[in-house]
Protein chains: 2
Amino acid sequence: MSAPSQITLPSPADFHVHVRQGAMSELVTPHVAQGGIRTAYVMPNLVPPLTKTDAVLAYKKDLERIAPNTEFLMTLYLHPEVTPDEIRKAAKAGISGVKSYPRGVTTNSSSGIEDYGVYYPVFKAMEEEGLVLNLHGEVPSDDEKVRTQLDPPDAQNISILNAEKHFLEHLRKLAADFPKLRIVLEHVTTSEAVDCVKSLPANVAATITAHHLWLTIDTVAPQPHHFCKPLAKEPKDRKALQDAIKSGNPKFFLGSDSAPHPSASKAPSISAEGELHSCAAGCYTSPYLVPLVATLLESFGALDNLAGYVSEHGRAFYKVPAKAGDELKLRRPATAVKVPARLDGAEGIEVVPFWAGKELGWEIVN
Amino acid sequence: MSAPSQITLPSPADFHVHVRQGAMSELVTPHVAQGGIRTAYVMPNLVPPLTKTDAVLAYKKDLERIAPNTEFLMTLYLHPEVTPDEIRKAAKAGISGVKSYPRGVTTNSSSGIEDYGVYYPVFKAMEEEGLVLNLHGEVPSDDEKVRTQLDPPDAQNISILNAEKHFLEHLRKLAADFPKLRIVLEHVTTSEAVDCVKSLPANVAATITAHHLWLTIDTVAPQPHHFCKPLAKEPKDRKALQDAIKSGNPKFFLGSDSAPHPSASKAPSISAEGELHSCAAGCYTSPYLVPLVATLLESFGALDNLAGYVSEHGRAFYKVPAKAGDELKLRRPATAVKVPARLDGAEGIEVVPFWAGKELGWEIVN
C-alpha cells in the first residue's frame, strides 16, 4: 500500500469508554466526539455502580446534555441487583449490555462478582433479550493471600501478569453454556487471550485499546500514567494484538477503555498514617483517539485495517450500523500536532493524557 | 521454634548498598549503621562511574569521614578503563570487587557493558588477585527495538520480566570459564535464577534484597516507590527467594540494593517539551534494614535463618569474618515502631523509604 494523505472512515465507534461523573464528566464527555468517535459504549462503574435501568437512563440523559451529538450506548453493572426482570426492563429501555467486573481488580470494582454461577438466570435473560455481556477478563490476584498467610494451600501464583490468562477458562465456559449470548472480552492484552477469542464461535469478540498497541511492561513499570488494568505485558503480547488487527478478523475492534484520572491520583502519595497510596489504573485517550489509532496502526503496517478496527467490526457485532453520510475524514497534519501535556476541567481537575507531548501522524478534518 | 523475644546476631553485613554522592551521601551513609549493618559493600555507579582505583579510594575516604564506624568494602565499575593492571592495583589497595552493569538497565548504567568477551583478561586478573565479580544479572530489553522497527529480525521478546532469565546463560558461561573467580549474581528475583545459582559450584553465590522478599508485580505496578530493577516478579518467584533463605544454603545472603532517590524522581513528571519522564528505579531500606529483614523472615518462618542471611553466609563467601564482640541485638519493640514516611537531608533532599508507615516487628537494642 502506498501511504495515503487522507483517509475517510465510516462513522467511528468506541465500544468501551469511561465518561465518569460530575466535573470530570463535564470535562471528558465532549472529548469523545473531539477524538472522532460518533458512538460511545459507556461503562457503568460509577460511584455507586449503575445496577438499575432507571439510574442508567438518568446517566444517559446527563451525558446527552453534555454532548448532544454523541450516540451513547449504555450498560448495567453486573451485581445481585441485576435480576432477569431488570434485564427485560433494561432491554425495553434500549440498554445495550451488562458489564462484569471481577471483584477489586480495577477502578470502582469493589462491587464486582466472584462467581458466575449465580448469574446464569441473568445471562439467560440477556441471551433472550439480545443484551451483550462485557467481561473484564481478569481473575483476582492471590498476592494478598500469599503475603499474609504462610504457605496458603490454595495459592495459585495468580498475579496481574497472568490474571487474564487464568480468566480464559471462565470465558470458554460461558461461551459454551450460552452459545447465543454475545460476549465481549474487553481490552485483551495477551497472545493467549487473542488465540482464545479466535478459537471461539462468532458470538465471542474482543476489544483492543489504543494504549495496549503501544505499551509493554517496560514502559508501564516506571510510569504511573501508563499503569492500567489489565497491565500491558510482553512485546510478544503487543505483537499478538497488532497482528489480530492486521489479520482483519472481525472479532477484534476498538474499545479504548479511555479512563481519565485526576493527575494527583497518578502520583504516589502518603496517607495521614504515613502509608503509601497506590496510583490509579487507567490511560486517557479520548480527545485524540482516532488520530492516535491511525498513527499506531500505520506504525505497524495496518492502516488498511483502520476502518474495520474503528468502525465496521464493532458496529457489525453490536448491530449498530453507521449512519449514512456520517464519515470521518483524517489528513496528515500540515504542522506538527502534539498530544497536550494536560487537560484542565472545573474544580481544579487536571488530567494527563496518554502519549502526552508525542506527535500524532494524523488529524481530523473538521 | 518458639518465638524469641530477643535475638543476637553476629556482626551484620550488607553486600550490596548504594551510598551515593554529595548531600544524598551525607544523608544516607550514616543510615547503614543505624540499620544495624557493620560492613557495607559499596556500589560504584556514581556520576562519573568509579573506574579507577584512586577514585574508589577517594570515595572510601569520604564515606569514612561521614560514617567512621562503618566498614566499607569497595568496588570498581566494569568498564574499558578497568584493565588487568588496574585490577592488580585495586587488589593491592584493598578493593574487594568489580561490578558489572549491562548497558542502560538501571541507575547510572549508561557506561555499562554489552559483551563480556572483551573483559576476559580482566576476569583472569580478578581470579588471580581474589577480587569478586558482582553481576547485575539482566540483559537489555528489546522493547525499544520492536517499538521503532517493523518486525525486527532479531527481536527476542526480552522485557524487564524475563531479562534476568535471559542473563543466566551468561552467568553459566562465566562460571564455567572462570572456575576460581568468585561471582555474585546480585539481587536475584526469579525462581530460575535461584535454581541456576544452586546448580553452579561454590564460587557462585547470590544476594537477595529485603524488598524482593515482600514485593510482587502486583504491588510494584501501581507504586513508583516499589519500582526497582530487577522488577519484583510473581508470587512463585518471591516464594523461591524466601525458600532459598529458609533452606539455609550458604550461597544466598543479604545484599539490600538499598538505593535512595529524591522523592521527586519517584513521581511522574513532564518535561519542558511536554513529554512524560519515567520514575527512578530503587527501594531504600538502609535506616532499618536488619529490623525489617527480621520482620520479613519471621513472616515466612525463617527467623532461624536470620544470622546466616544477614551475616554468616556473606562473610564466609567474601572472607570478611565478623569481629569478636561485634554482635547486634534485636528485641521486640515495647511500643509500635513504624518506618518513617520520609527522611530529610540537606539541599531539600527528601527520600521516601520502603515500607513507609508500616510497623516493624523488631528494633535494635542500642
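See the structure printed just above.
Note that the structure is a prediction, hence the values are computed from the model and not measured.

Draft legend 1. Local environment of the interface of chain B and chain A. Every contact between the two is made by 54 residues of chain B and, on the other side, 53 residues of chain A. Note on chain B versus chain A: buried area summed over both sides is about 4,200 Å², and carbon and sulfur give 59% of it. Salt-bridge contacts for Lys358 of chain B lead to Glu275 of chain A; the nearest nitrogen and oxygen are separated by 3.5 Å. Between the two partners, chain B and chain A, sit 18 residue pairs in polar contact (both at pLDDT 80 or more). At the level of secondary structure, the elements contributing two or more residues to the side of chain B that touches chain A comprise α5 (143–148), α8 (217–220), α9 (235–246) and β12 (276–277) of chain B. The greatest single-element share of the side of chain B that touches chain A, amounting to 5 residues, is contributed by α9 of chain B. Partitioning the side of chain B that touches chain A into residue classes produces 23 nonpolar, 15 polar and 16 charged.

Draft legend 2. Just the packing of helix α10 (residues 289–299) of chain B against helix α11 (residues 306–318) of chain B, in detail. All names here are of chain B. Contact geometry of α10 with α11 gives a least axis separation of 9 Å together with a crossing angle of 140 degrees. As far as their axial angle goes, α11 and α10 are oblique. Touching Val293, Ala294 and Leu297 of α10 are Leu306, Tyr309 and Val310, all from α11.

Draft legend 3. Structural detail: the sheet that holds strand β18 (residues 363–364) of chain B. All names here are of chain B. Spatially, β1-β13-β18 is the arrangement adopted by the 3 strands of the open sheet, whose pairing is antiparallel. This sheet does not close on itself; its edge strands, each paired only once, are β1 (6–9) and β18. Judged from the 4 bridges that link them, β1 and strand β13 (residues 328–331) form a sheet pairing that is antiparallel. Looking across to β13, one finds that Thr8 is bridged to Lys329. Relative to β13, α10 is tilted by about 55 degrees, and along the sheet it contacts β1, β13 and β18.

Draft legend 4. Examining the packing of aromatic side chains more closely. Summed over the entire model, instances satisfying the criterion amount to 32 aromatic pairs over all chains. Consider the rings of Phe123 of chain B and Phe178 of chain B, whose centres lie 5.7 Å apart with planes at 90 degrees: the pair is edge-to-face. In this pair, Phe123 of chain B is assigned in helix α4 (residues 120–129) and Phe178 of chain B in the loop between α6 (163–177) and β8 (183–185), connecting sequence segments 55 residues apart. Judged on exposure class, the residue Phe123 of chain B and its partner Phe178 of chain B are both buried. One aromatic cluster is present, formed by Tyr116, Tyr119, Tyr120, Phe123, Phe167 and Phe178 of chain A through successive ring pairs.

Draft legend 5. Broad picture of the relation of the copies chain B and chain A. Overlay of chain B on chain A (RMSD 0.0 Å): rotation 180 degrees, translation along the axis 0.0 Å. The relationship between the two copies is best expressed as a two-fold rotation axis. Looking at chain B, 98% of its interface residues are interface residues in chain A too, so the copies touch through the same face.

Draft legend 6. Region of interest: unusual backbone geometry. In this structure, Pro48 of chain A follows Val47 of chain A across a cis peptide bond, with omega equal to -5 degrees. Residues Lys229 of chain B and Pro230 of chain B are joined by a peptide bond in cis, for which omega reads -5 degrees. Secondary-structure assignment places Pro230 of chain B in the loop between α8 and α9. Non-glycine residue Lys319 of chain A carries a positive phi angle of around 60 degrees. Tracing the backbone shows Lys319 of chain A in the loop between α11 (306–318) and β13 (328–331).

Draft legend 7. Quick look at the pattern of salt bridges. The tally for this structure, following the rule as stated, stands at 36 salt bridges over all chains. For Asp54 of chain A, the salt bridge is made with Lys89 of chain A, and the minimal N-O distance between the two is 3.5 Å. Here Asp54 of chain A, found in helix α2 (residues 53–66), pairs with Lys89 of chain A, found in helix α3 (residues 84–92); they are 35 residues apart in sequence, far enough to count as distant. A relative accessible area of 48% means that Asp54 of chain A is categorised as partly exposed. On the basis of relative accessibility, which here comes to 38%, the residue Lys89 of chain A falls in the partly exposed class. A salt bridge links Glu192 of chain B to Lys165 of chain B, with the nearest nitrogen and oxygen atoms 3.7 Å apart. Of this pair, Glu192 of chain B sits in helix α7 (residues 191–199) while Lys165 of chain B sits in helix α6; the two residues are 27 residues apart in sequence, bridging distant segments of the chain. Judged by its relative accessible area of 39%, Lys165 of chain B is partly exposed. Each of the salt bridges in this network shares a partner with another, and the network as a whole consists of Glu26, Asp62 and Arg65 of chain A.

What counts, and at which threshold
Residues numbered from 1 in each chain as written. Chains lettered and ligands numbered in written order. Predicted model: local features only at pLDDT ≥ 70, side-chain atom pairs only at ≥ 80, totals over all residues. Heavy atoms only, no water. Contact = heavy atoms within 4.5 Å. Buried area = accessible area lost by both parts, 1.4 Å probe. Salt bridge = Lys/Arg side-chain N within 4 Å of Asp/Glu carboxyl O. Polar contact = N/O pair within 3.5 Å; in protein donor to acceptor, adjacent residues only side chain to side chain. Helix = DSSP H or I, 4+ residues; strand = E, 2+ residues; numbered from the N terminus. Nonpolar A, V, L, I, M, F, W, Y, C, P; charged D, E, K, R; others polar. Axes fitted to C-alpha atoms, helices over the stretch in contact; angles between N-to-C directions. Parallel < 35°, antiparallel > 145°, perpendicular 65-115°, else oblique. Pairing = 2+ DSSP bridges. Phe/Tyr/Trp six-rings, centres within 6.5 Å; stacked < 30°, edge-to-face > 60°. Buried < 20%, exposed > 50% of the residue type's maximum accessible area, 1.4 Å probe, protein only. Least-squares fit on C-alpha atoms with pLDDT ≥ 70 in both.

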